[in-house]
Amino acid sequence: MSTIFSKIISGEAPADIVYKDEHVTAFRDINPVAPTHILVVPNKFISTVNDLEQEDAALVGQMVLAAKKLAAEEGIAEQGYRLIINCNRDGGQVVFHLHLHLIGGRPLGPMVRRLKTD
Ligand code: AMP
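Here goes a summary of the coordinates provided. (Residues numbered from 1 in each chain as written. Predicted model: local features only at pLDDT ≥ 70, side-chain atom pairs only at ≥ 80, totals over all residues. Heavy atoms only, no water.)

Description of the nonpolar core
- Grouped together as the largest cluster of nonpolar side chains are 15 residues, with contacts concentrated most on Val24, Ile38, Val40, Met63, Leu70 and Leu102.
- Of all elements in the fold, only strand E2 (24-28), strand E3 (36-42), helix H2 (57-74) and strand E5 (100-104) reach the threshold of two or more residues within this core.
- Sorting elements by how many residues they give to this core places H2 first, with 6 residues.
- Sequence-distant contacts of valine 24, defined by excluding residues within four places in its chain, comprise Tyr19, Val40, Val41, Pro42, Asn43, Leu59, Gln62, Met63 and Ala66.
- Phe5, Ile8, Ile9 and Phe27 belong to the second-largest nonpolar core, a separate cluster that totals 8 residues. (Core = buried A, V, L, I, M, F, W, Y, C linked by side-chain atoms within 4.5 Å. Buried < 20%, exposed > 50% of the residue type's maximum accessible area, 1.4 Å probe, protein only. Helix = DSSP H or I, 4+ residues; strand = E, 2+ residues; numbered from the N terminus. Contact = heavy atoms within 4.5 Å.)

This is the structure in C-alpha cells:
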C-alpha cells in the first residue's frame with residue numbers, strides 16, 4: 001500500500017517540500033508541466049478519490065485550502081491556476097496515494113483535449 005508519497009511524508013525520501021501541517025504535505029512535482037506544479041497530499045494514506053469516506057470531508061477541504069494558500073504564495077492567485085485530482089486508469093492516476101495537483105504560472109489551455117470520437 002505504501003507509495004513514494006508516504007516516504008516523502010515520513011521524510012524517508014527526498015522532496016522539495018513547500019508546506020506541511022498535521023493534515024497535509026505539499027511538495028513540488030518532480031516532472032512539472034508548468035512553472036508552478038505542486039502536489040498537495042494528505043498525510044493519512046488514502047489511495048484514490050474512490051476510497052474517500054464521509055469522515056475525510058474536512059481533510060479534502062484542508063487539501064484545497066492548502067492549495068489556495070500556496071497559489072497566493074506562488075504569486076499565481078490572481079491570474080489563475082488549476083486544481084486536478086486524477087483517479088484510476090482513465091483519470092491518469094500513476095501514484096496511488098491521493099494528491100491534488102496545483103498547476104499554474106502560464107495559460108493552461110482547455111481542460112481536456114477533445115478526441116475526434118468525442
Ligand atoms: P498522477 O498522474 O495524478 O498520479 O500524478 C503523479 C505525479 O507525481 C506526477 O506528476 C509525477 O511527476 C509526480 N511524482 C512522482 N514521483 C514523484 C516524486 N518522487 N517527487 C515529486 N513528484 C513525483
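From this point on, the discussion continues.
Some words on the sheet that holds E2
- Strand order in this open sheet of 5 strands is E1-E2-E3-E5-E4, and the pairing throughout is antiparallel. If you trace the sheet from one side to the other, it starts and ends with strand E1 (17-20) and strand E4 (81-84), each paired once. Adjacent strand axes in the sheet meet at a mean angle of 15°, parallel and antiparallel pairs treated alike.
- Here 5 bridges tie E2 to E3, and the two strands are oriented antiparallel to one another. Note on E3: the bridge partner recorded for alanine 26 is valine 40.
- Packing against the sheet, H2 makes contact with E1, E2, E3, E4 and E5, and its axis sits at approximately 155° to E3. (Pairing = 2+ DSSP bridges. Axes fitted to C-alpha atoms, helices over the stretch in contact; angles between N-to-C directions.)

Concerning unusual backbone geometry
- Its identity is not glycine, yet asparagine 88 carries a phi of approximately 60°, on the positive side.
- As for its placement among the helices and strands, asparagine 88 is situated in helix H3 (residues 88-91).
- Asparagine 88 sits in the partly exposed class, given a relative accessible area of 31%.

Some remarks on the site of the ligand
- Residues in contact with the ligand amount to 16 residues; listed here are only the nearest, Asp29, Gly92, Val94, His99 and His101.
- Within the backbone of valine 94, a nitrogen or oxygen atom sits 2.7 Å from an oxygen atom of the ligand.
- Relative to its unbound accessible surface of 510 Å², the ligand loses 82% to contact with the protein.
- At the level of elements, helix H1 (4-10) and E2 are the ones that each hand at least two residues to the shell around the ligand.
- Of the residues forming the shell around the ligand, the biggest block, 3 residues, is contributed by H1.
- Broken down by class, the residue content of the shell around the ligand amounts to 8 nonpolar, 6 polar and 2 charged. (Near = heavy atom within 4 Å. Polar contact = N/O pair within 3.5 Å; in protein donor to acceptor, adjacent residues only side chain to side chain. Areas by Shrake-Rupley, 256 points an atom, 1.4 Å probe, with all protein chains shown as cover. Nonpolar A, V, L, I, M, F, W, Y, C, P; charged D, E, K, R; others polar.)

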